[in-house]
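Breakdown of the fold
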Amino acid sequence: MLPELQQQIQSFLNDALTQIGQTNQQDVSSLPVARLERPKVAEHGDLATNIAMQLAKPWKMNPKDLAQQLLIKLQGMPQTRSVLEKLEIAGPGFINIRLTGAVKQAVVQLILQQKNTYGVKKLVDQDKVLIEFVSANPTGPLHVGHGRQAALGDILANILQSQGKLVHREFYYNDAGVQIQQLAISTQARIRGLGPGDSQWPEDAYNGTYILDIAHAYMAGQTITVSDLGAVTANKDPEDLGQIAKFAVAYLRKEQDIDLRIMGVQFDEYYLESSLYSDGSVAAIVEDLRTAGKTYETDGALWLRSTDDGDDKDRVMRKSDGSFTYFVPDVAYHISKWSRGYHQVINIQGSDHHGTITRVRSGIQGVSQKRSWMIPKTYPEYVLHKMVTVIKDGVEVKISKRAGSYVTVRDLIEWSGGVQDSMLAADKEQALQRGKDAVRFFLISRKADTEFIFDVDLALTQNDENPVFYVQYAHARICSILRQWAGDQETLTAVDLAPLIGRAADDLMRRLSEYPNMLQDAARDLSPHALAFYLRDLASDFHSFYNSDRVLVDDIPLKLARLALLLATQQVLANGLDLLGLQAPEKM
């Protein structure tokens with residue numbers, strides 16, 4: 001229901017309970033807020049509450065008797081008559097509430113007035129949130145796990161922005177180290193004409209064909225321009241491993257940017273791990289932890305006392321060879337986030353990172369104590385996702401020729417859109433758009449912590465079994481009806497909505513009224529899947545209404561009321577699809 005209506009009904013209940021409590025000499029100084037829920041059976045009403053059962057025990061009353069007193073009080077309050085049509089007691093003390101038609105219909109007019117701001121809260125400049133996601137090292141194409149992170153992070157960012165947050169999207173990556181060295185060695189081997197299977201092919205080399213593409217570009221002297229690295233020109237020297245590494249990183253960062261752009265994802269900042277070393281951040285946090293008594297040395301290695309913060313064992317920070325373990329720059333990176341003013345930070349990562357959370361938070365707490373900061377122990381927050389399995393032609397796909405060992409994001413988008421090499425440019429662009437819509441929707445259509453099977457064949461299906469088609473078709477179908485009517489849509493904001501009666505209309509209006517609370521809850525719980533769930537339910541309620549109640553009827557007041565309901569539904573579908581980063585097609 002609408003948040004304002006929820007608060008109003010809760011206020012009615014609180015006033016009535018206060019009167020009952022005072023009459024019975026009960027403590028009413030801290031009454032619980034009544035929980036209002038949608039009954040499982042529609043015939044039971046629009047709302048239900050168990051507040052009488054909740055208070056019966058502390059007040060030493062029979063819950064059914066308390067519910068009866070509450071019902072009588074509510075019915076006797078003049079201010080409830082325009083809102084509450086009928087009250088009934090059910091079971092051991094539940095109160096079922098049926099709302100007046102005018103209250104249920106008010107959501108239609110509200111949506112038509114607020115349009116794309118319905119459910120949206122004003123931006124609060126001080127309420128800053130940093131979301132870090134994807135954060136793929138530039139050693140190969142983005143895989144489907146990165147795709148799930150991209151969808152989760154970008155859509156969650158959109159939802160948070162809709163609820164008044166100032167969101168900063170950040171991509172963190174390692175531009176140096178062992179993996180980058182291996183990338184350079186792999187590219188150099190390709191330059192020398194070697195390939196996987198050759199006796200001189202490096203043991204830990206990257207085997208995908210993309211390495212050959214990098215080698216060709218390097219020897220052609222190409223210039224690669226990337227937002228976070230600037231322009232990098234290959235010097236064509238096959239012996240200059242440092243230059244090969246620099247060019248290969250730029251090449252793959254550009255490829256990642258292309259994939260992210262196709263997915264509709266843009267970042268505000270790219271943060272390089274190497275900067276944490278060059279600007280002294282890593283050295284500073286290590287010294288802070290040492291002087292704070294959070295570390296000790298054994299066998300030439302520096303250890304963090306992470307067991308003090310709930311870890312199952314202490315963790316090595318600096319190895320005996322002087323190099324730091326990978327979580328140390330992570331601690332420095334999060335200290336950077338806090339010092340930049342981001343006191344709410346959300347990390348979208350694979351579930352394989354679960355084991356690192358405690359040690360990173362432990363390091364953060366040590367630095368926080370040393371610097372007399374007040375960083376919460378739950379900083380940062382994490383959304384961990386499980387793996388994605390790709391099914392194509394009824395068979396699991398594990399290997400991509402391009403990547404060598406995994407399915408890439410670009411593979412998934414092209415497969416899901418039905419992209420063919422023979423397509424004209426315009427047709428290919430449309431196919432990529434369909435693929436993007438399918439990938440974004442599918443990858444957040446389950447809770448992040450559940451494994452997901454991505455069925456490419458389903459994504460290509462143009463029927464109600466495909467959830468993306470089902471939701472987008474609901475929007476297109478409403479557009480078609482409005483075109484058939486051919487009237488002035490602005491006039492629908494002022495029509496009489498009283499003719500909107502019946503189960504199907506009730507269900508649709510109730511669903512529309514849930515949109516603001518759904519967005520609020522999704523933002524609070526970091527649950528972008530809730531939006532996908534909601535849009536499928538809204539599309540289902542619309543299709544049920546469409547099949548039950550003909551819209552373009554001869555009865556003009558009835559027709560206009562139903563058209564207003566459809567226009568409101570179209571608006572909410574469009575709003576939700578926009579937050580998902582999907583098209584809201586007018587024709588399909």
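The present account deals with the structure reproduced in this document.

What counts, and at which threshold
Residues numbered from 1 in each chain as written. Predicted model: local features only at pLDDT ≥ 70, side-chain atom pairs only at ≥ 80, totals over all residues. Heavy atoms only, no water. Helix = DSSP H or I, 4+ residues; strand = E, 2+ residues; numbered from the N terminus. Buried < 20%, exposed > 50% of the residue type's maximum accessible area, 1.4 Å probe, protein only. Contact = heavy atoms within 4.5 Å. Areas by Shrake-Rupley, 256 points an atom, 1.4 Å probe, with all protein chains shown as cover. Lys, Arg positive; Asp, Glu negative; His and termini not counted. Salt bridge = Lys/Arg side-chain N within 4 Å of Asp/Glu carboxyl O. Phe/Tyr/Trp six-rings, centres within 6.5 Å; stacked < 30°, edge-to-face > 60°. Lys NZ or Arg CZ within 6 Å of the ring centre and 35° of its normal. Pairing = 2+ DSSP bridges. Axes fitted to C-alpha atoms, helices over the stretch in contact; angles between N-to-C directions. Parallel < 35°, antiparallel > 145°, perpendicular 65-115°, else oblique. Nonpolar A, V, L, I, M, F, W, Y, C, P; charged D, E, K, R; others polar. Arc of directions from axis to C-beta.

1. Regarding the overall build of the chain
From N to C terminus, the chain includes 20 helices and 16 strands. Sorting the 588 residues of the chain into buried and exposed places 53% on the buried side. Taking the intrachain contacts of the chain between residues at least 6 apart in sequence as the baseline, contacts between residues at least 24 apart amount to 70%. Working note: accessible area of the chain is about 26,800 Å², and carbon and sulfur atoms make up 47% of it.

2. Thoughts on the side chain of Asp 175
Here Asp 175 lies in the loop between strand E5 (166-173) and helix H6 (178-191). We note that Asp 175 is buried and unpaired, the nearest opposite charge coming from Arg 253 at a distance of 9.5 Å. Discounting chain neighbours no more than four positions away, the residues touching Asp 175 are Ile 180, Leu 272, Glu 273 and Ser 274.

3. Considering the packing of aromatic side chains
Considering all chains together, one arrives at 19 aromatic pairs under this definition. Aromatic pair Tyr 172 and Tyr 333: ring centres 4.0 Å apart, planes at 10°, arrangement stacked. One end of the pair, Tyr 172, is in strand E5; the other, Tyr 333, is in helix H11 (residues 327-339), and 161 residues separate them in sequence. Accessibility expressed as a relative area gives 0% for Tyr 333, which makes it buried. Between Phe 247 and Tyr 251, the aromatic rings sit 6.3 Å apart at their centres with planes inclined by 45°, giving tilted as the arrangement. Linking Phe 247 with Tyr 251, this pair stays in helix H8 (residues 241-262), spanning four residues, or about one helical turn. Here the aromatic cluster, defined as three or more aromatic residues joined through ring pairs, consists of Phe 133, Phe 171, Tyr 173, Phe 267 and Tyr 270. Here Lys 128 stacks its cationic end above the ring of Tyr 342, 4.4 Å away from the centre of that ring.

4. Digging into the pattern of salt bridges
Pairing is possible between side chains of opposite charge, provided their charged atoms come close. Under the definition given, this model contains 33 salt bridges. Taking the shortest distance from any N to any O, the salt bridge between Arg 340 and Glu 269 comes out at 3.5 Å. In this pair, Arg 340 sits in the loop between H11 and strand E12 (345-350) while Glu 269 sits in strand E8 (residues 269-272), placing the two residues 71 residues apart along the sequence. According to the relative accessible area criterion, Arg 340 is partly exposed, its value standing at 25%. A salt bridge links Arg 315 to Asp 311, with the shortest nitrogen-to-oxygen separation between them at 2.9 Å. The class for Arg 315 is buried, based on a relative accessible area of 13%. Linked by salt bridges that have partners in common, Arg 38, Arg 511, Glu 514, Asp 537 and Asp 541 make up one network.

5. Examining the pairing of strand E7 (residues 230-233)
In the sheet, strand E6 (residues 223-226) pairs with E7 via four bridges, with the strands oriented antiparallel. Across the sheet, residue Ile 224 finds its bridge partner in E7, namely Val 232.

6. Looking at the sheet that holds strand E10 (residues 301-304)
If you walk across this open sheet you meet the three strands as E9-E10-E11, and the pairing is antiparallel. Only two strands of the sheet have a single neighbouring strand rather than two, namely strand E9 (295-298) and strand E11 (315-318). When the angles between neighbouring strand axes are averaged without regard to direction, this sheet yields 45°. Relative to E11, E10 is paired through three bridges, and the arrangement is antiparallel. Following the sheet pairing, Leu 304 is matched in E11 by Arg 315. Along the sheet, helix H10 (residues 281-291) makes contact with E9, E10 and E11, crossing E11 at roughly 125°.

7. Considerations on the side chain of Asp 506
The residue Asp 506 is located in helix H17 (residues 503-513) in this model. Of the residues examined, Asp 506 reaches a relative accessible area of 16% and is grouped as buried. Look past the residues within four positions of Asp 506 in its chain and what remains in contact with it is Asp 46 and Lys 104.

8. Quick word on the packing of H6 against H8
Where H6 contacts H8, the axes come no closer than 8 Å and their chain directions differ by 100°. Between H6 and H8, the interaxial angle falls into the category roughly perpendicular. Within the contact between the two elements, H6 uses Ile 180, Gln 181, Leu 183, Ala 184, Ile 185, Thr 187, Gln 188 and Ile 191 and H8 uses Leu 241, Ile 244, Ala 245, Ala 248, Val 249 and Leu 252. Each residue belonging to the contact of H6 with H8 can be placed in one class, and the counts come to 11 nonpolar, three polar and no charged.

9. Thoughts on the environment of Tyr 172
Taking the relative accessible area as the measure of exposure, Tyr 172 reaches 7% and is therefore buried. In this structure, the C-alpha to C-alpha distance between Tyr 172 and Glu 132, residues 40 residues apart in sequence, is 7.2 Å. Not counting the four nearest positions on each side in its chain, Tyr 172 is found in contact with Glu 132, Ser 135, Ala 136, Tyr 271, Glu 273, Leu 276, Pro 329, Asp 330 and Tyr 333.

10. Some thoughts on H10
All of the buried residues in H10 are Val 282, Ile 285, Val 286, Asp 288 and Leu 289. The buried residues of H10 all sit within an arc of 160° when viewed along its axis, so they share a single face. Where H10 is buried, its residues contact helix H9 (273-278), E9, E10, E11, H11 and helix H12 (357-370). Phi turns positive, to about 75°, at Gly 293, one or two residues after H10.

11. Digging into the sheet that holds strand E1 (residues 47-49)
With respect to topology, three strands assemble into an open sheet ordered E1-E3-E2, the strand pairing being antiparallel. A single partner strand is all that each edge strand has here, and the edge strands are E1 and strand E2 (84-90). Taking each pair of neighbouring strands and ignoring which way they run, the sheet shows an average axis angle of 25°. Alignment of E1 against strand E3 (residues 94-99), held across three bridges, turns out to be antiparallel. For Ala 48, the partnering residue across the bridge sits in E3 and is Asn 96. Sheet strands touched by helix H1 (residues 3-23): E1, E2 and E3. Its angle to E3, the strand with the most contacts, is close to 130°.

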